[in-house]
Amino acid sequence: MKSSVKIYDSAAETSLKLADDIIRRIVASATSEKPFSIALSGGSTPELLYSMLFGEMADSVPWDFVHLYWGDERCVPAGSADSNYGLVHKYLRDDTGLPAANIHRMKGEEEPAAEAIRYSGELSSTLLLRNGVPVIDLILLGMGDDGHTASIFPDQIGFFNSDNFCEVATHPVTGQKRITLTGKVINNAEAVVFLITGKKKAEIIRQILRGDPESITYPASHVKPVYGSLDFYLDNEAVGML
Ligand code: 6PG
């Protein structure tokens, strides 16, 4: 597994550099006339990245080659302030040329178990498979203060080894139901990129990047793409303790 750690002075610079990287990957794929699939994360960290990628930088992206997926979604309506799709939709301009059919959202408004099954089918029917598992070109992940990633929380870390492509997760504090990709899909990606900023996550990042034995309790430490690359985009605050 190829991996890298890229560190920048601020969350803004980190997001900008990641936006450049993502655009380069999309353009390279489009140059080969190949579609590019990207699974997006939720939470607050990627908002700046999305405002760049889908806003001010959107004109440099051949969006007709792009297929958007999600790494996880809260089981709420698309219009909810909690929706990860809603976070992207807030910035996605109408004039990008991204076909509506290329937006493969997890439907948070549907019954969770049924949606996990439906979305697994959408992944299988719209992506190339490797050993029967959908291959996503780039999966963008964040990391929570407890080391969760996507919506795989420490008390459900077994989802990394699920035989399913998606599972129904439960937020350990709020009890909110979520749909999440499992480790089977995450670790089958061509590229996984973590975007992590802020000092609150520095201790966990330190443990994960140093391979400390206790980091195994953090779901984010189980992201190990079998065939693909793993890159960390971090700001100085997130690496304060390295
Ligand atoms: C979600 C995300 C989740 C997120 C982390 C970090 O649905 O919340 O996919 O995995 O990346 O919780 O969230 P912040 O960026 O808000 O710290």
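Refer to the preceding data block for the structure.
None of the values given here were measured: they were computed from a predicted structure. (Residues numbered from 1 in each chain as written. Predicted model: local features only at pLDDT ≥ 70, side-chain atom pairs only at ≥ 80, totals over all residues. Heavy atoms only, no water.)

Draft legend 1. Highlighting the pattern of salt bridges. Summed over all chains, the structure comprises 16 salt bridges. In this structure, D95 and R93 form a salt bridge, with 2.9 Å as the shortest nitrogen-oxygen distance. The class for D95 is exposed, based on a relative accessible area of 54%. Between E122 and R118 there is a salt bridge, and its shortest N-O distance comes to 2.6 Å. With E122 and R118 both in helix α4 (residues 112-126) and 4 residues apart, this pair spans about one turn of that helix. Taking the relative accessible area as the measure of exposure, E122 reaches 17% and is therefore buried. Counted as one network, the salt bridges with shared partners bring together D21, R24, R25 and D231. (Salt bridge = Lys/Arg side-chain N within 4 Å of Asp/Glu carboxyl O. Buried < 20%, exposed > 50% of the residue type's maximum accessible area, 1.4 Å probe, protein only. Helix = DSSP H or I, 4+ residues; strand = E, 2+ residues; numbered from the N terminus.)

Draft legend 2. Expanded view of the site of the ligand. Neighbouring residues of the ligand: 15 residues in total, closest T45, D72, H148, A150 and K201. Take H148: an N or O atom from its side chain is 2.7 Å from an oxygen atom of the ligand. Measuring from an oxygen atom of the ligand, one finds a backbone N or O atom of A150 at 2.6 Å. For the ligand, the protein covers 88% of the area, taking 410 Å² as the surface of the free molecule. The residue inventory of the shell around the ligand, partitioned by class, reads 2 nonpolar, 9 polar and 4 charged. (Near = heavy atom within 4 Å. Polar contact = N/O pair within 3.5 Å; in protein donor to acceptor, adjacent residues only side chain to side chain. Areas by Shrake-Rupley, 256 points an atom, 1.4 Å probe, with all protein chains shown as cover. Nonpolar A, V, L, I, M, F, W, Y, C, P; charged D, E, K, R; others polar.)

Draft legend 3. Helix α6 (residues 202-210), seen in detail. Taken together, the buried positions of α6 are occupied by A202, I204, I205, R206, Q207 and I208. On the buried face of α6, the contacting elements are β10 (191-196) and β11 (229-235). Residue G211 follows α6 closely and has a positive phi angle near 70°. (Contact = heavy atoms within 4.5 Å.)

Draft legend 4. Quick look at the pairing of β10. Most of β10 is tucked away: 6 of the 6 residues are buried. The side-chain alternation of β10 yields two buried faces, one formed by A191, V193 and L195 and the other by V192, F194 and I196. Sheet analysis places strand β7 (residues 138-141) next to β10, joined by 3 bridges and oriented parallel. Along β10, the bridge assignment pairs L141 with F194. Where β10 lies against β11, 6 bridges are found, and the strand directions are parallel. The residue of β11 that forms the bridge with L195 is Y233. (Pairing = 2+ DSSP bridges.)

Draft legend 5. Structural context of the packing of aromatic side chains. The full count for this structure, using the stated rule, is 5 aromatic pairs. With a centroid separation of 5.3 Å and an interplanar angle of 25°, the aromatic rings of F54 and W63 are classed as stacked. Residue classification places F54 among the buried positions, given a relative accessible area of 0%. Here W63 falls in the buried class, since its relative accessible area comes to 2%. (Phe/Tyr/Trp six-rings, centres within 6.5 Å; stacked < 30°, edge-to-face > 60°.)

Draft legend 6. Expanded view of the packing of helix α1 (residues 11-31) against helix α2 (residues 47-56). Relative orientation of the contacting elements α1 and α2 amounts to 45°, with a least axis distance of 9 Å. By the angle between their axes, α1 is oblique relative to α2. Regarding α1 and α2, the two cross each other, and that crossing is right-handed. Contact with α1, carried on its side by A11, A12, S15, L16, L18, A19, I22 and I23, involves L48, L49, M52 and L53 of α2 and no other residues of that element. (Axes fitted to C-alpha atoms, helices over the stretch in contact; angles between N-to-C directions. Parallel < 35°, antiparallel > 145°, perpendicular 65-115°, else oblique. Left-handed = near helix turned anticlockwise from the far one by under 90°.)

Draft legend 7. Quick peek at the side chain of D72. Turning to its location among the elements, D72 is positioned in strand β4 (residues 72-74). One buried charged side chain, D72, makes no salt bridge at all; its nearest oppositely charged neighbour is R178, positioned 4.1 Å away. Within polar-contact distance, the side chain of D72 engages the side chain of S151 at 2.6 Å. In this view, D72 contacts L40, S41, G42, N84, M106, A150, S151, R178, I179 and T180; residues no more than four positions away in its chain are not counted. (Lys, Arg positive; Asp, Glu negative; His and termini not counted.)

Draft legend 8. A look at the side chain of H171. For H171, the location among the structural elements is in the loop between β8 (166-170) and β9 (177-181). Within the structure, the side chain of H171 is placed 3.2 Å from the backbone nitrogen of T174, a separation counted as a polar contact. Among all residues touching H171, those that are not within four sequence positions of it are F153, Q176 and R178.

Read these as spatial facts, not as claims about activity.
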